[in-house]
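Residue strings, one per chain:
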There are 2 protein chains.
Amino acid sequence: MTNPEFVSLEISPSSGVPIYRQLMEQIRRMIASNQLSPGDGLPSVRQIATQLSVNPMTISKSYSLLEAEGLLERQRGKGMIVSKQNTTTRTLEERIDLLSPAIDELINEAKQLDINSEIVISELKKRLGD
Amino acid sequence: MTNPEFVSLEISPSSGVPIYRQLMEQIRRMIASNQLSPGDGLPSVRQIATQLSVNPMTISKSYSLLEAEGLLERQRGKGMIVSKQNTTTRTLEERIDLLSPAIDELINEAKQLDINSEIVISELKKRLGD
DNA sequence: TCTAGTGTATTAATACTATAATACACACAT
DNA sequence: ATGTGTGTATTATAGTATTAATACACTAGA
């Protein structure tokens, strides 16, 4: 068991993507990278709901769908934990595949904005460096 | 006047983002980069609707909202054109600002997937190179 | 004038998203 | 036993997103 406080979830209300889907994607990625390991506990529904100022049932929906996918397990009366099945840590290649849509989106937008490849790369480096 | 056939629009039905917003963002970017210049014509509502297998009213919604923003102008009986006001081509800095969310999203996802900065950059370079 | 092509308004129906207020079954520590 | 903390089911409400079928006013060319 770990400290669910370390699981930091964020939402972008203006993105157009439903909140429950934003949360699902973040949790999926943290499990794929083993930042959330099998057996790890997740923050409670009410905790996240308060923190993000969102209805608890919205969080519950994310958890339920992730449970249906087999990524999370429900522990009655306790909370959600990362499943011990179906959660083998992904290889680097597999994780890069999961990152592909974001890369493609960046390239696509840069093209539409007519921004040079070199500039995209230097801008990315700048922000990666903090 | 130009050939609206060259305006290639794409949608990702699985992204969760409403179709009309996906279209708006793409058109906004192409105007900002002057790939669509003031006076240029846009594809007709029915043309895009057929091409994307989407209801014409969904396209019309995108156009109407962009007209309300001042980016497009309606030409009665003819079609939509890029407005001649409010569409000064953006400077490089401004366009980079418009690209920022996509960069931030990529960095955020890479972090959650525990993918190294160097790998993110090399992967981006790989795909930018075609 | 006719015809085909613009965008749009209208009305209806369906599905999805999110909130709200309760209530329930369960686990655990006291 | 009690209280607090889990996730969840229920019901209701509201707003948004999308499709569908028509109809309208306008433009342009034959």
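The rules behind the values
- Residues numbered from 1 in each chain as written.
- Chains lettered and ligands numbered in written order.
- Predicted model: local features only at pLDDT ≥ 70, side-chain atom pairs only at ≥ 80, totals over all residues.
- Heavy atoms only, no water.
- Contact = heavy atoms within 4.5 Å.
- Buried area = accessible area lost by both parts, 1.4 Å probe.
- Salt bridge = Lys/Arg side-chain N within 4 Å of Asp/Glu carboxyl O.
- Polar contact = N/O pair within 3.5 Å; in protein donor to acceptor, adjacent residues only side chain to side chain.
- Helix = DSSP H or I, 4+ residues; strand = E, 2+ residues; numbered from the N terminus.
- Nonpolar A, V, L, I, M, F, W, Y, C, P; charged D, E, K, R; others polar.
- Least-squares fit on C-alpha atoms with pLDDT ≥ 70 in both.
- Near = heavy atom within 4 Å.

J.: I would appreciate a short explanation of the interface of chain B and chain A in the present structure.
T.: Residue-level contacts link 40 residues of chain B with 40 residues of chain A. With both chains or domains summed, chain B and chain A bury close to 4,100 Å², and 65% of this area falls on carbon and sulfur atoms. At the boundary of chain B and chain A, one finds four salt bridges. With a shortest N-O distance of 3.5 Å, Arg29(B) and Glu109(A) are connected by a salt bridge. Put simply, chain B and chain A have 19 residue pairs in polar contact (both at pLDDT 80 or more) between them. At the level of secondary structure, the elements contributing two or more residues to the side of chain B that touches chain A comprise helix H1 (19-32), helix H4 (92-112) and helix H5 (117-128) of chain B. With 16 residues, the top contributor of residues to the side of chain B that touches chain A is H4(B). In terms of residue class, the side of chain B that touches chain A is made up of 20 nonpolar, nine polar and eleven charged.

J.: Hey, could you run me through the relation of the copies chain B and chain A in this one?
T.: Each of the two copies of the chain can be brought onto the other by a rotation about an axis and a shift along it. Mapping chain B onto chain A calls for a rotation angle of 180° and an axial translation of 0.0 Å; the resulting RMSD is 0.1 Å. The symmetry that links the two subunits is that of a two-fold axis. Every residue of chain B has its C-alpha some distance from the rotation axis, and the shortest such distance is that of Val17(B), at 2.6 Å. A shared binding surface is used by both copies, with 100% of the interface residues of chain B retained as interface residues in chain A.

J.: Honestly, the protein's contact with DNA strand D in this entry has me stumped. Any pointers?
T.: By nearness alone, 24 residues border DNA strand D, and Val45(A), Gly77(A), Ile19(B), Thr58(B) and Arg76(B) come closest of all. Backbone atoms, meaning sugar and phosphate, form 69% of the atoms of DNA strand D found within 4 Å of the protein. Note that a phosphate oxygen of DNA strand D is positioned 2.9 Å from one of the side-chain N or O atoms of Thr58(B). When residues of the surface near DNA strand D are traced back to their parent elements, those giving at least two are helix H2 (45-52), helix H3 (56-69) and strand S2 (79-82) of chain A together with H1 and helix H3 (56-69) of chain B.

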